[in-house]
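Overview (structure and organization)
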Amino acid sequence: MFRLFRSKIAIALTMMVAIFLVGVFGYRIITDFTWVESIYMTIITVTTVGFKEVRPLDSNAQIFTVFLIVSSVFIFGFAISVISEYILSRNSLQLLKKKRVKNKIKSLSNHIVVCGYGRNGRQAAEKLTAYNKPFVVIEKSKELIEANEEEILFVEGDVNEDEVLLEAGIDKAQYLVAALPDDAINLFVVLSARQMNKDLFIISRASQVNSVKKLEFAGANKVIMPDKIGGDHMASLVVMPDLVTFMDKLSVEGEHTTNLEEVEIEDFKGQLDCNSIRDLDLRRKTGCTIIGYIRPDGHYIINPEADLQLESKGKVIVLGRPEQIDKLNQMFQLD
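Residues numbered from 1 in each chain as written. Predicted model: local features only at pLDDT ≥ 70, side-chain atom pairs only at ≥ 80, totals over all residues. Heavy atoms only, no water.

A short note on the overall build of the chain
Selection criterion: Helical segments are the DSSP runs of H or I of at least four residues, strand segments are the runs of E of at least two, and each set is numbered from the N terminus. Three labels apply to residues, based on accessible area from a 1.4 Å probe with only protein chains included: buried if under 20% of the type maximum, exposed if over 50%, partly exposed otherwise in between. The contact criterion used throughout is that any non-hydrogen atoms of two residues lie within 4.5 Å. Residue exposure ignores everything except the shown protein chains as possible cover, and the areas themselves are Shrake-Rupley values with a 1.4 Å probe. Positive charge is attributed to Lys and Arg, negative charge to Asp and Glu, and no charge count is given to His or to the chain ends. Positions of charges follow a simple convention, taking NZ of Lys, CZ of Arg, CG of Asp or CD of Glu.
Within the chain, the secondary structure is distributed over 13 helices and ten strands. The principal-axis extents of the C-alpha atoms in the chain amount to approximately 110 × 45 × 45 Å. Each of the 335 residues in the chain was classed as buried or not, and the buried ones make up 39%. When contacts within the chain are restricted to residue pairs at least 6 apart in sequence, long-range pairs at least 24 apart make up 57% of them. Of the roughly 20600 Å² that the chain leaves accessible, carbon and sulfur atoms contribute 57%. Side chains of the chain carry 39 positive and 44 negative charges; the gap between the two charge centres is 2 Å.

Observations regarding the pairing of strand E5 (residues 201–205)
Every regular strand shows the same layout, with side chains that alternate between the two sheet faces. Note the following rule: Only strands that DSSP links by at least two bridges are regarded as paired with each other. A crossover gets the label right-handed when its path from the first strand over the helix to the second runs clockwise, viewed with the strands pointing away from the viewer.
When strand E4 (residues 175–178) meets E5, the two strands line up parallel, connected through four bridges. Following the sheet pairing, Val177 is matched in E5 by Ile203. Read as a crossover between parallel neighbours, the route from E4 over helix H7 (residues 183–196) to E5 is right-handed. Summarising the sheet, E5 and strand E6 (residues 222–224) pair through three bridges and their orientation is parallel.

Section: the packing of aromatic side chains
Where we set the bar: Only centres within 6.5 Å qualify two rings of Phe, Tyr or Trp (six-membered ring in Trp) as a pair; their planes then separate them into stacked at under 30 degrees, edge-to-face at over 60, and tilted for everything else.
Going through the model one piece at a time under the given rule, you end up with six aromatic pairs. Ring geometry for Tyr175 and Phe201: centres 5.6 Å apart, planes at 65 degrees, overall edge-to-face. Linking Tyr175 in strand E4 with Phe201 in strand E5, this pair joins segments that are 26 residues apart in sequence. Here the aromatic cluster, defined as three or more aromatic residues joined through ring pairs, consists of Tyr27, Phe33, Phe64 and Phe67.

Some details on the sheet that holds strand E7 (residues 259–264)
For clarity, the threshold we go by: Every axis in this analysis is a line fitted to C-alpha atoms, fitted for helices over the stretch in contact. Angles between the N-to-C directions lie between 0 and 180 degrees.
Read across the open sheet, the four strands follow the order E7-E10-E8-E9; overall the sheet is antiparallel. Edge positions in the open sheet fall to E7 and strand E9 (300–302), since each of these has one partner strand only. Neighbour to neighbour, the strand axes of the sheet diverge by 25 degrees on average, direction disregarded. Here six bridges tie E7 to strand E10 (residues 315–320), and the two strands are oriented antiparallel to one another.

Some thoughts on the packing of H7 against helix H8 (residues 210–218)
Put simply, the rule is: An angle counts as roughly parallel when it lies under 35 degrees, as roughly antiparallel when it exceeds 145, as roughly perpendicular when it falls between 65 and 115, and as oblique in every other case. Two helices cross in a left-handed way if the nearer one is turned anticlockwise from the farther one by less than a right angle. They cross in a right-handed way if the turn is clockwise.
It is at 9 Å that the axes of H7 and H8 come closest, and there the two elements cross at 15 degrees. Classified by the angle their axes make, H7 and H8 are roughly parallel. For the pair H7 and H8, the sense of crossing is right-handed. Within the contact between the two elements, H7 uses Asp183, Asn186, Leu187, Val190, Leu191 and Arg194 and H8 uses Ser211, Lys214, Leu215 and Ala218.

A look at a nonpolar patch on the surface
Formally: Like charges within 9 Å and nonpolar side chains (Val, Leu, Ile, Met, Phe, Trp, Tyr) within 5 Å are joined into patches, using only residues over 30% in relative accessible area that form no salt bridge. The term salt bridge refers to a side-chain nitrogen of Lys or Arg lying within 4 Å of a carboxyl oxygen of Asp or Glu.
The grouping of Val17, Leu21, Phe25, Ile29, Ile30 and Trp35 at the surface amounts to a nonpolar patch, some 590 Å² of accessible area in total. With five residues, the single largest contributor to the nonpolar patch is helix H1 (residues 2–30). Within the secondary structure, Phe25 is located in helix H1. Take Phe25: its relative accessible area is 42%, and that puts it in the partly exposed class.

Let's talk about the pattern of salt bridges
Summed over all chains, the structure comprises five salt bridges. In this structure, Asp281 and Arg284 form a salt bridge, with 2.6 Å as the shortest nitrogen-oxygen distance. With relative accessibility at 62%, the residue Arg284 sits in the exposed group.

Comments concerning unusual backbone geometry
Unusually for a residue other than glycine, Asp32 sits at a positive phi of about 60 degrees. With respect to the helices, strands and loops of the structure, Asp32 is situated in the loop between H1 and helix H2 (35–46). Assessed through its relative accessible area of 57%, Asp32 is described here as exposed. Although it is not a glycine, Asn132 adopts a positive phi angle of roughly 55 degrees. Here Asn132 lies in the loop between helix H4 (119–130) and strand E2 (135–139). Residue Asn132 is classed as exposed on the basis of its relative accessible area of 69%.

Structural notes on the packing of helix H9 (residues 226–239) against helix H10 (residues 241–248)
At their nearest, the axes of H9 and H10 sit 6 Å apart, and the two run at 130 degrees to each other. Between H9 and H10, the angle falls in the class oblique. Side by side, H9 and H10 meet where His233, Ser236, Leu237, Val238 and Val239 of the first sit next to Pro241, Val244 and Asp248 of the second.

Concerning H7
The test is simple: Working rule for helices: expected span equals 1.5 Å times residues minus one. Whenever two N or O atoms come within 3.5 Å, that pair is a polar contact, provided that in protein one can donate a hydrogen and the other can accept it, and provided that, for residues adjacent in sequence, both atoms are side-chain atoms.
Under the 1.5 Å per step criterion, the end-to-end length of H7 is 20 Å for 14 residues, consistent within 8% with the ideal 20 Å. Residues of H7 that are buried in the fold lie against strand E1 (112–115), helix H6 (162–167), E4, E5 and H8. For H7, the side-chain oxygen to backbone nitrogen distance between the N-cap and Ala184 is 2.8 Å, and the N-cap itself is Asp182.

Structural data, given as structure tokens:
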């Protein structure tokens with residue numbers, strides 16, 4: 001649709017330039033005006049401002065002026081209508097897009113709200129997209145929104161405003177990721193979000209060490225320091241490079257990389273006997289290996305024994321290649 005408008009606008013501009021050139025050369029030839037006088041006469045004629053002629057016009061010049069006025073009225077009228085229609089249609093399309101996005105956000109529940117689409121926010125969004133997790137991003141930069149709005153649900157606005165958080169569905173969300181570079185703004189977001197949703201699991205970024213305790217006190221469940229993680233990662237590449245490289249391979253991207261999955265024990269109930277890890281027998285059935293177990297109270301067990309008794313509210317951490325994880329998801333109809 002916009003291509004059609006662009007072609008119409010191009011035609012209108014071409015016609016306007018053409019009528020201007022006709023006027024200038026016409027006055028130059030018919031009346032022997034100078035170039036400056038011809039340009040002046042053309043401008044006051046096509047714009048119909050009503051100024052006095054440079055010099056009295058003979059009958060030929062008067063007939064040419066009548067032709068120029070009539071032609072310019074039609075051409076300028078066509079140009080104005082095309083440009084007005086383009087602006088109105090563009091605004092209508094933008095309103096329609098915003099309404100569609102609002103309806104999608106209203107239909108979400110137990111989703112993730114990501115505050116900020118900077119470096120960390122973008123990485124979080126990419127990871128959530130890879131895992132097909134529903135999420136909404138709050139961002140105030142129109143340029144970033146327009147560049148990524150086809151793939152991501154955005155709410156344009158300032159995260160400091162409660163109305164913006166509510167528009168992102170904070171009251172129905174399950175997680176919030178405060179990925180802004182300013183600790184003070186993250187602190188405000190955590191405070192506001194915790195007041196709006198007591199059950200919300202909040203993950204916040206922190207740049208300063210002394211901000212961690214403040215964010216936790218404000219209501220953040222987890223506080224991440226990207227700079228600290230980056231420094232540890234670089235140092236680890238010196239101390240144990242092969243291990244770090246292997247850990248980097250635990251990704252959801254690519255066909256030949258390994259993968260990690262978190263599965264609740266309840267997802268296996270009704271499909272097989274799962275009193276212990278041995279009963280699950282995931283290695284033989286799917287090729288996946290259980291490398292960790294999370295008890296209902298949050299206690300982590302690394303490399304659990306085969307005879308470990310499983311609880312219905314517990315979770316297992318599964319390691320496998322993408323095709324093995326896919327087989328696991330298909331076999332037990334996991335999301």
